[in-house]
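Chain by chain, the residues:
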Amino acid sequence: MAQFFSVHPDNPQPRLLKQAVALLQQGGILAVPTDSSYALVCHLDDKAAADQLRRVRGVDDKHHLTLLCRDLRELANYAKVDNRQFRLIKQATPGAFTFILQATKEVPRRVSHPQRKTIGLRVPEHAVLQQLLTFHAEPLLATTLILPGEQEPLNDPKNIRQQLEHQIAGVIDSGACVLAPTTVVDLCGDSPVILRLGQGDIARLGLSSLGI
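Residues numbered from 1 in each chain as written. Predicted model: local features only at pLDDT ≥ 70, side-chain atom pairs only at ≥ 80, totals over all residues. Heavy atoms only, no water.

Attention now moves to helix H6 (residues 157-164). Looking at H6, one finds that the buried residues are Pro157, Ile160 and Leu164. For H6, the angular spread of buried residues about the axis comes to 55°, placing them on one side. Structural note: H6 exposes Lys158 and Gln162 on the side pointing more than 90 degrees away from its buried face. If you follow the buried residues of H6, they end up packed against strand S1 (3-6), strand S2 (30-32), strand S3 (39-43), helix H2 (47-57) and strand S8 (170-173). Two or three places before Lys158, at the opening of H6, Asp156 has a side-chain oxygen 3.0 Å from that residue's backbone nitrogen. (Buried < 20%, exposed > 50% of the residue type's maximum accessible area, 1.4 Å probe, protein only. Helix = DSSP H or I, 4+ residues; strand = E, 2+ residues; numbered from the N terminus. Arc of directions from axis to C-beta. Contact = heavy atoms within 4.5 Å. Polar contact = N/O pair within 3.5 Å; in protein donor to acceptor, adjacent residues only side chain to side chain.)

Here you go:
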């Protein structure tokens, strides 16, 4: 049965988050709050955990997974970022944006897009998730917690535990999240392309001035 960690949304208890990190290090999957919606996360370098993450989510290897990073410096270790891309990302970081970028060799090939060699990267602005990332000390592999056949992400931690108690290791409950996905921006071409409008306001990116 999945463990349930009830934490304060602004000042999460370190003891509970460290217990959650231990589950990640043992190959477990967690349901965690973010600044857009609940997400499933696992250790980046654990193939079995990544495979289980995809099974729970009901997606194949062509679905972009996301790396949740603590800050821009960490993001730059896992993506090839030029000055133009960096300036744009900095305007919206941290925040509810996922950026599609070319992956570096630090990203295992099995978690990047098989043809494009790209990965989604994000620096979240959620106190609980940021603290979890700090204790974990490296990025987490993530995907929005939308179950197969559904259109909306799960948002009630108790319901998440009930539905997934035999498929994941734990649920971090800090209350309901905003029920909206991230805004996804593909930065691999000559100009930014909005792949999905979500919680992140594209005005922060200055894209409206580019006619996008």
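Quick look at unusual backbone geometry now. A cis amide bond links Thr93 with the next residue in sequence, Pro94, at an omega value of -5°. Tracing the backbone through its elements, the reader meets Pro94 in the loop between helix H4 (83-91) and strand S5 (97-102). The residue Lys117 is not glycine, and still its phi comes out positive at about 60°. The residue Lys117 is located in the loop between S5 and strand S6 (118-122) in this model. Overall, Lys117 belongs to the partly exposed group, its relative accessible area being 33%. With a phi angle near 70°, Ala137 is a residue other than glycine that sits in the positive phi range.

Another point: H2. Counting along an α-helix, one turn takes 3.6 residues, and residues three or four places apart therefore face a common direction. If you check which residues of H2 are buried, you get Ala49, Ala50, Leu53, Arg54, Val56 and Arg57. Along the axis of H2, the buried positions cluster into a sector of 165°, meaning they face one direction only. For H2, exposure combined with an orientation more than 90 degrees from the buried face picks out Ala48 and Arg55. In this structure, the buried residues of H2 make contact with S3, strand S7 (140-144) and H6. For H2, the N-terminal cap is Asp46; the gap from its side-chain oxygen to the backbone nitrogen of Ala48 is 3.2 Å. Gly58 sits one or two positions beyond H2 and adopts a positive phi of about 75°.

What follows deals with the packing of aromatic side chains. By the definition in use, this model includes one aromatic pair. Measuring from ring centre to ring centre gives 6.1 Å for Phe97 and Phe99, while their planes differ by 15°; the resulting arrangement is stacked. Using a relative accessible area of 2% as the deciding quantity, one classes Phe99 as buried. (Phe/Tyr/Trp six-rings, centres within 6.5 Å; stacked < 30°, edge-to-face > 60°.)

Pairing of side chains with opposite charge becomes possible as their charged atoms draw close. Going through the model one piece at a time under the given rule, you end up with seven salt bridges. A salt bridge links Lys62 to Asp61; the shortest N-O distance between them is 3.9 Å. The class of Asp61 is partly exposed, set by a relative accessible area of 36%. Between Arg73 and Asp71 there is a salt bridge; the shortest N-O distance is 3.6 Å. Taking the relative accessible area as the measure of exposure, Arg73 reaches 67% and is therefore exposed. (Salt bridge = Lys/Arg side-chain N within 4 Å of Asp/Glu carboxyl O.)

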